[in-house]
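# Remarks on the overall topology
Here's the letter readout for the chains.
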Amino acid sequence: MSRTIELRVGDTLTLHQIIPMPPDGSCLFHSIACLRMGIVTSQDRCTLSKRLLKLTAKNQTDRLKEIISYFRLLSNDTVCLFPTKNMCNQFNTAMLASMEQPEIKLNSIDEIDCPRYLKKRGNEVLKKYEDNSSLTAGLENVITIKIGARVMLRRNVDVSKGLVNGSIGKIVKVHRDVDNSNCARKITIQFKHNLIHGLERVKTKFQVLSNVYVHREQFPICLAYAITIHKSQGLSLDSALLDIGSSIFSKGQAYVGLSRVKTLDGVHVINFDPSQIKAQESSIVEYNRLRTLYRPDLAKLIVNRKRVKKIPDTEWAIHSHISKVQENIENNTEKKIIPRKRKKIQ
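Quick caveat, the model's predicted, so the values are computed rather than measured. (Residues numbered from 1 in each chain as written. Predicted model: local features only at pLDDT ≥ 70, side-chain atom pairs only at ≥ 80, totals over all residues. Heavy atoms only, no water.)

Secondary structure assignment for the protein chain yields eight helices and 14 strands. In the protein chain, which comprises 346 residues, the share counted as buried stands at 38%. Accessible surface computed for the protein chain: about 22700 Å², of which carbon and sulfur atoms make up 51%. (Helix = DSSP H or I, 4+ residues; strand = E, 2+ residues; numbered from the N terminus. Buried < 20%, exposed > 50% of the residue type's maximum accessible area, 1.4 Å probe, protein only. Areas by Shrake-Rupley, 256 points an atom, 1.4 Å probe, with all protein chains shown as cover.)

All right, on to the packing of aromatic side chains then. Inspection of the entire model under this criterion finds four aromatic pairs. Ring geometry for phenylalanine 71 against phenylalanine 91: centres 5.4 Å apart, planes inclined by 85°, an arrangement best described as edge-to-face. Separated by 20 residues along the polypeptide, phenylalanine 71 in helix H3 (residues 60-73) and phenylalanine 91 in helix H4 (residues 85-97) bring together distant segments of the chain. Judged by relative accessible area, which is 5%, phenylalanine 71 ranks as buried. A centroid spacing of 6.5 Å and a plane angle of 85° characterise the contact between phenylalanine 91 and tryptophan 316, whose relative ring orientation is edge-to-face. Placement of the pair is phenylalanine 91 in helix H4 and tryptophan 316 in the loop between helix H7 (281-294) and helix H8 (320-330), with a sequence separation of 225 residues. As far as the burial class goes, phenylalanine 91 and tryptophan 316 line up, both buried. Members of the aromatic cluster, connected to one another through ring pairs, are Phe71, Phe82, Phe91 and Trp316. A cation sits over an aromatic face here: lysine 205 above tyrosine 213, 4.6 Å from the ring centre. (Phe/Tyr/Trp six-rings, centres within 6.5 Å; stacked < 30°, edge-to-face > 60°. Lys NZ or Arg CZ within 6 Å of the ring centre and 35° of its normal.)

Counting 38 residues, the largest nonpolar core has Phe82, Phe91, Ile145, Ile221 and Trp316 as the members making the most contacts within it. Top element by residues in this core is H4. It accounts for six residues. Contacts of tryptophan 316, omitting those with residues within four sequence positions, involve Gln60, Arg63, Leu64, Ile67, Phe82, Met87, Phe91, Asp243, Ile270 and Asn271. Leu28, Val40, Met152 and Leu242 belong to the second-largest nonpolar core, a separate cluster that totals 26 residues. (Core = buried A, V, L, I, M, F, W, Y, C linked by side-chain atoms within 4.5 Å. Contact = heavy atoms within 4.5 Å.)

Another aspect to go through is the pattern of salt bridges. Pairing is possible between side chains that carry opposite charge, provided their charged atoms lie close to one another. On inspection of all chains with the given rule, the structure shows nine salt bridges. Measuring nitrogen to oxygen at the nearest pair gives 3.2 Å for the salt bridge that ties aspartate 273 to lysine 310. Placement of the pair is aspartate 273 in the loop between strand E14 (267-272) and H7 and lysine 310 in the loop between H7 and H8, with a sequence separation of 37 residues. (Salt bridge = Lys/Arg side-chain N within 4 Å of Asp/Glu carboxyl O.)

Spatial ordering of the open sheet is given by E3-E10-E9, a layout of three strands whose pairing is antiparallel. The open sheet has two edge strands, strand E3 (109-113) and strand E9 (202-209), and neither has a second partner. Mean inter-strand twist for the sheet, computed between neighbouring axes without regard to direction, equals 20°. Packing of helix H5 (residues 119-129) onto the sheet brings it into contact with E3, E9 and strand E10 (212-218), and relative to E9 it is tilted by some 110°. (Pairing = 2+ DSSP bridges. Axes fitted to C-alpha atoms, helices over the stretch in contact; angles between N-to-C directions.)

What is shown is where atoms sit, not what they do.
Below is the structure:
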């Protein structure tokens, strides 16, 4: 039975019920508390090093296969948390390719709203936008899925049922359009607690140029075997496979990733680089300001500026600029240099 208590400024609330900590929780919570301040103790380093995968493959391709094999041995609700979209895309693509079911392409339905003379230019700019869905209102041009693939909602669909941005489910069925068999009109997704939902396309409008707007209809989903650490904020996971090595590019990023997991047994690490564990100095300054005002009995936090030895990664993902070049070659989009014919001198 829930009970509401009204508190005013200055009131003190004392909680007497102690929630038991998981048997392995103390080590993880200690590490997270230190990482939040940008500190890596020898105990934390030892704790996280024990959670590292022992990869034996000699090249990136085989390492990725090895990671996928390990991932499949984990619980079904395990999510991979990586620093960059490039790493997530490579892992999701590899996971999808490892499934035996045939691929299904979900193409967006686009309509450009602009003066006639701007239509060609609008289409050119739209093609450049397709690599970054944040520029197209979060809806991708083409989504490749398979029956049984894990996907994540990118928008709130039905808050009353818990189907919100970040909800993860599995593709059960794709319903084709009666008039056009190549076009999917609805997809059935199974979420947690056997909740089945028929998801339809959503409509949105975004601008690509001045006076050039695109009206897009697409399913608000993406593959979700791996998601970025940024996207995982707010999630609480029983199990996660993390890469917190040299690809970490933001202060506090490693802390956010590790703090998503409930217990140490649920933490599985591909790479761990202590030199990447950093805290935002302005946050620590604010902590100390609040402690001075409201909790002067607590000691002030110290900004950690100690240099930590870098640990090289066991690389498994191709760097974004290299994968982009490979993609251009495969799609024959690289500019071909055509040698000019020399004129014969009479």
